[in-house]
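This is what each chain is made of:
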Amino acid sequence: MLDRGEPAARARAVAPVLEAAGPRIEADKAIPPEVLGAMHGARLFRTLLPQAYGGEQVTPAAFYRMMEVIAAADGSAGWCLCQASGCSIASAYMAPEVAREIWGPADAVLAWGFGNGAAQVVPGGYRVSGTWAFASGNRHATWMGGHCRVIEPDGSIRRNADGSQHERSMLVPRRMARFHDVWNVVGLRGTNSDTYTYDAIFVPEEYGVCRDSDAERRIQAPLYQFTTSHLYSAGFAGVSIGIARGLLDAFVDLARGKTAAAATRPLRDSEVIQNGIAQAEAKLRSARAWLIEVLEEAHAVAEATGRITMTERAMIRLATTSGIQRAKEVAEWAYHEAGASAIMLSGPFERRMRDIHASSQQVHGRSAHLEMCGQHFLGMNPSGRFF
């Protein structure tokens, strides 16, 4: 029977399949159908989906733990899972019948990328054009989304109450988008994060969703008081920490039996290596424990008050950004100490090293986030889309 209590336990059951498929995922720039089947069978893509629509609706900390396990097995699969999970948060802001249509099938996946198209208001909906990049997991997606500014019939740009530009995400079946094969990168190749275009597609009104809007949120559970960005940052921190865990574990296995060239004793007998492994474990476990603590505290606040404050936002951003950076440090140390063994394509180090550098380049790993956190701690009013 499927264990519905803890997604990390289900992830651990799937992890060996993912790790074995890692080279194929990278070479084909896609997750193989049988691996996707195992992930869907374990309901991993449904952890952040509302229970009302057949989802798990787990806590952010439980989501993080799952992400860490999957990414330790394969970084690209972890990245795709995080991206799709974050997209599923949109369901909490749309009409129930539309959410059930999109996520009703067992293999349902929504994907989207970064960009800003134009949605012209027309009778019954919008006429949408635009091009977006970094659509991770689009090859196995069933629906696509495009984030758009809204153009009123008189040609004006729709604004929010505070004067900022209004944005809606326009959802269409995957077959309606046009894709551009441009994903030629050094890391996370298996995500196939290609660019895609909508060519004047008609999108009915109910398929345009405004994420993270208090006014449009239809499901008020504590999980959906977290913004999409909060949950993306937690999941992508899980990807980086998971990749680093996989790389560090591989190094420990190597150190138990390897004697480096020009050395007279095994790596395991080196005080430098012993000390380094201990420090790497402390750094990685500390980042992980602190992030889980922050997520659990924020969820408790959401349960008690029905919202989270700027303090919880700042702590989530600080813990996730720091976790990504600490993970990269651990991975770089382990890769370096593995010596020439690390550069072999057939080994457990080389792809993970490229993947963690790709993951830390993404917006949630930016050092600029620390500045905004510092502003909050100093009593200032930080601003930023990802805060």
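Definitions and limits used
Residues numbered from 1 in each chain as written. Predicted model: local features only at pLDDT ≥ 70, side-chain atom pairs only at ≥ 80, totals over all residues. Heavy atoms only, no water. Helix = DSSP H or I, 4+ residues; strand = E, 2+ residues; numbered from the N terminus. Rg over C-alpha atoms; globule rule 2.2 N^0.38 Å. Buried < 20%, exposed > 50% of the residue type's maximum accessible area, 1.4 Å probe, protein only. Contact = heavy atoms within 4.5 Å. Areas by Shrake-Rupley, 256 points an atom, 1.4 Å probe, with all protein chains shown as cover. Lys, Arg positive; Asp, Glu negative; His and termini not counted. Charge placed at Lys NZ, Arg CZ, Asp CG, Glu CD. Arc of directions from axis to C-beta. Polar contact = N/O pair within 3.5 Å; in protein donor to acceptor, adjacent residues only side chain to side chain. Disulfide = S-S within 2.5 Å. Phe/Tyr/Trp six-rings, centres within 6.5 Å; stacked < 30°, edge-to-face > 60°. Lys NZ or Arg CZ within 6 Å of the ring centre and 35° of its normal.

From N to C terminus, the protein includes 10 helices and eight strands. Against the compact-globule benchmark of 21 Å for 387 residues, the protein has a radius of gyration of 21 Å, which places it among compact chains. By its C-alpha atoms, the protein is 80 × 50 × 40 Å across when sized along the principal axes. Within the protein, buried positions represent 57% of all 387 residues. Once local pairs closer than 6 in sequence are excluded, the contacts in the protein between residues at least 24 apart make up 73%. Of the accessible surface of the protein, which amounts to about 16,100 Å², a share of 53% is contributed by carbon and sulfur atoms. A distance of 2 Å separates the average location of the 40 positive side-chain charges in the protein from that of its 40 negative side-chain charges.

One full turn of an α-helix is made of 3.6 residues, so residues set three or four places apart face in the same direction. Those residues of helix α5 (residues 96-103) not exposed but buried are Val98, Ala99, Ile102 and Trp103. The buried residues of α5 occupy one face: seen down the axis, they fall within an arc of 110°. Structurally, α5 contributes buried residues whose contacts are with α4 (75-88), β1 (110-112), β4 (143-151) and β5 (167-173).

Glancing now at the side chain of Arg168. Examined against the element boundaries, Arg168 turns out to sit in strand β5. A distance of 3.1 Å separates polar atoms of two side chains, one belonging to Arg168 and the other to His166. At a separation of 2.9 Å, a polar atom in the side chain of Arg168 contacts the side chain of Glu216. Here Arg168 is in contact with Tyr126, Gly146, His147, Cys148, Val150, Arg158, Gly208, Val209, Cys210 and Glu216, once residues within four sequence places are set aside.

What follows deals with the state of the cysteines. Considering all chains together, one arrives at zero disulfides under this definition. There is no disulfide at Cys82, and the cysteine sulfur nearest it, in Cys87, is 9.4 Å away. Of the residues examined, Cys82 reaches a relative accessible area of 1% and is grouped as buried. Judged by relative accessible area, Cys87 falls into the buried class, the value being 0%.

Let's shift gears to the packing of aromatic side chains. For the structure shown, the criterion picks out nine aromatic pairs. Between Trp143 and Tyr207 the ring centres are 5.9 Å apart and the planes differ by 5°, which places this aromatic pair in the stacked class. Of the two residues, Trp143 is situated in strand β4 and Tyr207 in the loop between β7 (194-204) and β8 (208-209); the sequence distance between them amounts to 64 residues. In this structure Tyr207 comes out as buried when scored by relative accessible area, which is 12%. Centre to centre, the rings of Phe179 and Tyr196 are 6.1 Å apart; their planes meet at 35°, and the pair counts as tilted. Taken as a pair, Phe179 in strand β6 (residues 178-180) and Tyr196 in strand β7 lie far apart in primary sequence, 17 residues in all. On the basis of relative accessibility, which here comes to 0%, the residue Tyr196 falls in the buried class. Aromatic rings pair up to connect Trp132, Phe179, Tyr196 and Tyr198 into one cluster. Stacked on the ring of Phe179, the Lys or Arg Arg174 has its end atom at 4.1 Å from the ring centre. Lying across the ring of Trp112, Arg211 places its NZ or CZ 4.8 Å from the centre.

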